[in-house]
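One letter stands for each residue in the lines below.
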Amino acid sequence: MDLLSSLREIEDQAWAQLQTCQSEEDLSRWWQTFLGRKGGLTQILRSLGSLPLDQRRTVGDKANRLKNALQEAYEERRRRIQEEALTSALAKAHVDVSLPGYPTLIGRLHPITQTLRDVLDCFRSLGFQVVEGPEVEWDYYNFEALLIPKDHPARDLWATLWIDYKRDGEMPMLLRTHTSPNQIRYMESHSPPIRIVSPGKCYRYEATDPTHEWMLTQVEVLAVDEGLSMAHLKGVLSEFAHRIFGPQRKVRFRCEYYPFVEPGMDVLIDCFQCQGQGCRTCGGSGWLEILGSGMVHPQILANVGYNPERYTGYAAGLGIERIAMLRYGIDDIRLFYQNDIRFLEQF
Ligand code: PHE
């Protein structure tokens, strides 16, 4: 058989078989048969050298054109096969919209935020307004104006983190150790009647243990008006204790010293663990301290320009961590700020 007719035969076969290729494997077998190193067409192209010159040109020309045409057809077929495979894979992978979706992780409020909001809601509903003050505070507002002068032993009650900034050889700035400086700030710029609560973070130079953290959240309560007395203080703080810890709680007031109130007192509730019998939670006393309070010292009223003959006031400061611990039965304050999801997701 001469080369031209075997070329024609290869041509017929190649086109016919290409139409039957359904997969990439079929295609690569086809490629081997016709265009591969040992393929029919390659053989012919290789044997061109042994032909006389005039035949070499016609056969070579035809063979090369066939080769290019087959290569193009091969690429085209391959694209079609790939497209069809994709389309059918997509068709098979249809989405069943009736199946439940993947659950989205939903955040929640930190237990301190939750408790803080409950406390603020309680005071708001009693007619108090929420105001905030700075966390970096002057010694003046944190201590001096609250009748805690330099070298006064009462400063030891609030282990302080000082800001490394000196003026006249002294460090006048600190991280506030309580929210009480907001009493002064607010009174300086407002006149009675006053009913405010002031929440925020406070800081203490403290070795941490189950009941001490170097950062804590407080809420300050301040009311100044004509005719306010201990009766108002007791009424408001008892109402607060009952709303947060339940109406069945007993509330007790016990004298305590705070330089900026006179008289000063702590508020306690009967221990809900043991109903006042004495247990580990209440240290055997049957009572739990929930906050410090007292009647605003008349000297403070005078210092901010109020007439202490006319106005009286009461103030209280409560620690949100302590209230949350009592509320949820948490025995270590440090758990709040360790960012352990196993702890946090329980609230
Ligand atoms: N500021 C006091 C403390 O941090 C609490 C307090 C506030 C006491 C207001 C009396 C009146 O311990």
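Coordinates for the structure precede this section.
This is a predicted model, so every value here is computed, not measured.

## A few points about the sheet that holds strand S1 (residues 129-130)
Taking strand neighbours across the sheet as the criterion, the seven strands line up as S1-S4-S5-S9-S8-S7-S6 in an open arrangement whose pairing is mixed. Lying at the two open borders of the sheet, with one neighbouring strand each, are S1 and strand S6 (251-255). Pairing of strand S7 (residues 261-270) with strand S8 (residues 287-296), which is carried by eight bridges, proceeds in the antiparallel orientation. Note on S8: the bridge partner recorded for Val 267 is Leu 291.

## Here's the deal with the layout of surface pockets
In this structure, the largest pocket spans a volume of roughly 1300 Å³. If you trace the largest pocket, you find 43 residues lining it, with Arg 204, Thr 211, Glu 289, Gly 319 and Arg 322 closest to the centre. Elements represented by at least two residues in the lining of the largest pocket include exactly strand S5 (215-226), S7, S8, strand S9 (311-319) and helix H10 (320-328). With seven residues, S8 is the single largest residue contributor to the lining of the largest pocket. Its residues placed into classes, the lining of the largest pocket shows 18 nonpolar, 14 polar and eleven charged. Estimated volume of the second largest pocket: approximately 210 Å³. Around the second largest pocket, the lining is made up of 14 residues, and of these Ile 112, Leu 116, Gly 200, Lys 201 and Thr 217 lie nearest the centre. Listing elements by their share of the lining of the second largest pocket, those giving two or more residues are helix H5 (111-125), strand S4 (194-203) and S5. Residue composition of the lining of the second largest pocket, grouped by class: five nonpolar, five polar and four charged.

Conventions used here
- Residues numbered from 1 in each chain as written.
- Predicted model: local features only at pLDDT ≥ 70, side-chain atom pairs only at ≥ 80, totals over all residues.
- Heavy atoms only, no water.
- Pairing = 2+ DSSP bridges.
- Helix = DSSP H or I, 4+ residues; strand = E, 2+ residues; numbered from the N terminus.
- 1 Å grid on protein atoms, 1.4 Å probe; cavity = no way out; pocket = protein on both sides within 12 Å on 5 of 7 lines; lining within 4 Å.
- Points joined across faces, edges and corners; volume = space filled by probe spheres on them.
- Nonpolar A, V, L, I, M, F, W, Y, C, P; charged D, E, K, R; others polar.

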